[in-house]
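Next come the chains, spelled out residue by residue.
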Amino acid sequence: MSVVVLIVVGAAAGFLATRLMRIEADIPTTMFIGIVGALIGGFVLRFLTSVMGAMAGFVGAVLGALLVIWLWQAWRNRR
(Lines give C-alpha, C1' and ligand atoms only; values in the text may rest on other atoms or scores of the structure.)
Protein backbone atom coordinates (compact mmCIF):
# COMPACT_ATOMS: atom_id res chain seq x y z
CA MET A 1 0.00 0.00 0.00
CA SER A 2 1.21 3.46 -0.70
CA VAL A 3 1.57 5.97 2.11
CA VAL A 4 -1.36 8.02 0.78
CA VAL A 5 -3.65 4.98 0.94
CA LEU A 6 -2.43 4.23 4.46
CA ILE A 7 -3.30 7.79 5.51
CA VAL A 8 -6.81 7.57 4.07
CA VAL A 9 -7.41 4.11 5.49
CA GLY A 10 -5.83 5.27 8.75
CA ALA A 11 -8.35 8.05 9.20
CA ALA A 12 -11.19 5.53 8.90
CA ALA A 13 -9.35 3.03 11.07
CA GLY A 14 -8.73 5.66 13.74
CA PHE A 15 -12.44 6.42 13.86
CA LEU A 16 -13.28 2.73 14.18
CA ALA A 17 -10.51 2.11 16.74
CA THR A 18 -11.55 5.02 18.96
CA ARG A 19 -15.13 3.73 18.92
CA LEU A 20 -14.02 0.16 19.72
CA MET A 21 -11.84 1.39 22.59
CA ARG A 22 -14.57 3.85 23.71
CA ILE A 23 -12.22 6.83 23.52
CA GLU A 24 -13.59 10.35 23.35
CA ALA A 25 -11.18 12.23 21.13
CA ASP A 26 -11.47 15.20 18.83
CA ILE A 27 -11.25 14.75 15.07
CA PRO A 28 -7.55 15.67 14.64
CA THR A 29 -6.53 13.31 17.45
CA THR A 30 -8.67 10.53 16.01
CA MET A 31 -7.13 11.05 12.58
CA PHE A 32 -3.61 11.18 14.03
CA ILE A 33 -4.16 7.95 15.97
CA GLY A 34 -5.52 6.26 12.88
CA ILE A 35 -2.79 7.48 10.57
CA VAL A 36 0.01 6.46 12.94
CA GLY A 37 -1.74 3.15 13.55
CA ALA A 38 -2.19 2.62 9.83
CA LEU A 39 1.46 3.32 9.16
CA ILE A 40 2.55 0.93 11.91
CA GLY A 41 0.01 -1.73 11.05
CA GLY A 42 0.52 -1.31 7.32
CA PHE A 43 4.25 -1.75 7.47
CA VAL A 44 4.24 -4.53 10.08
CA LEU A 45 1.40 -6.49 8.48
CA ARG A 46 2.34 -5.81 4.86
CA PHE A 47 2.93 -9.46 4.13
CA LEU A 48 -0.76 -10.17 4.76
CA THR A 49 -1.78 -8.15 1.71
CA SER A 50 -0.16 -10.72 -0.52
CA VAL A 51 -2.16 -13.47 1.20
CA MET A 52 -5.55 -11.83 1.86
CA GLY A 53 -5.65 -8.85 -0.48
CA ALA A 54 -6.75 -5.30 0.37
CA MET A 55 -8.80 -6.33 3.41
CA ALA A 56 -5.61 -7.18 5.26
CA GLY A 57 -4.47 -3.56 4.98
CA PHE A 58 -7.62 -2.38 6.73
CA VAL A 59 -7.27 -5.06 9.42
CA GLY A 60 -3.65 -4.03 9.94
CA ALA A 61 -4.64 -0.37 10.13
CA VAL A 62 -7.28 -1.07 12.79
CA LEU A 63 -4.87 -3.22 14.80
CA GLY A 64 -2.18 -0.56 14.54
CA ALA A 65 -4.60 2.15 15.65
CA LEU A 66 -5.69 0.00 18.60
CA LEU A 67 -2.05 -0.39 19.58
CA VAL A 68 -1.47 3.37 19.37
CA ILE A 69 -4.56 4.03 21.53
CA TRP A 70 -3.39 1.51 24.10
CA LEU A 71 0.08 3.07 24.22
CA TRP A 72 -1.41 6.57 24.36
CA GLN A 73 -3.64 5.62 27.31
CA ALA A 74 -0.75 3.97 29.12
CA TRP A 75 1.42 7.06 28.63
CA ARG A 76 -1.36 9.47 29.59
CA ASN A 77 -2.27 7.53 32.75
CA ARG A 78 1.36 7.49 33.86
CA ARG A 79 1.47 11.30 33.98
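Scoring rules and cut-offs
- Residues numbered from 1 in each chain as written.
- Predicted model: local features only at pLDDT ≥ 70, side-chain atom pairs only at ≥ 80, totals over all residues.
- Heavy atoms only, no water.
- Helix = DSSP H or I, 4+ residues; strand = E, 2+ residues; numbered from the N terminus.
- Buried < 20%, exposed > 50% of the residue type's maximum accessible area, 1.4 Å probe, protein only.
- Polar contact = N/O pair within 3.5 Å; in protein donor to acceptor, adjacent residues only side chain to side chain.
- Contact = heavy atoms within 4.5 Å.
- Phe/Tyr/Trp six-rings, centres within 6.5 Å; stacked < 30°, edge-to-face > 60°.
- Lys NZ or Arg CZ within 6 Å of the ring centre and 35° of its normal.
- Patch = residues over 30% accessible without salt bridge, like charges linked within 9 Å, V, L, I, M, F, W, Y side chains within 5 Å.
- Areas by Shrake-Rupley, 256 points an atom, 1.4 Å probe, with all protein chains shown as cover.
- Salt bridge = Lys/Arg side-chain N within 4 Å of Asp/Glu carboxyl O.

K.L.:
Please clarify how the side chain of Thr18 should be interpreted in this entry.
P.N.:
Note that Thr18 resides in helix α1 (residues 3-20). Overall, Thr18 belongs to the buried group, its relative accessible area being 0%. A polar contact is formed between the side chain of Thr18 and the backbone oxygen of Phe15, at a distance of 2.9 Å. Setting aside chain neighbours within four positions, we find Thr18 in contact with Ile23, Thr30 and Ile69.

K.L.:
Can you walk me through the packing of aromatic side chains in this structure?
P.N.:
For any two aromatic rings, the description comes down to two numbers: the centre-to-centre distance and the angle of the planes. What the rule picks out here adds up to zero aromatic pairs. One cation-aromatic arrangement involves Arg76 over Trp72; the distance from NZ or CZ to the ring centre is 4.9 Å.

K.L.:
How should a nonpolar patch on the surface be read in this particular structure?
P.N.:
A grouping of Ile40, Leu67, Trp70 and Leu71 is seen on the molecular surface, where their side chains present a nonpolar patch of about 380 Å² in accessible area. Counting residues per element, the nonpolar patch draws most heavily on helix α4 (residues 54-78), which supplies three residues. Within the element layout of this structure, Trp70 appears in helix α4.

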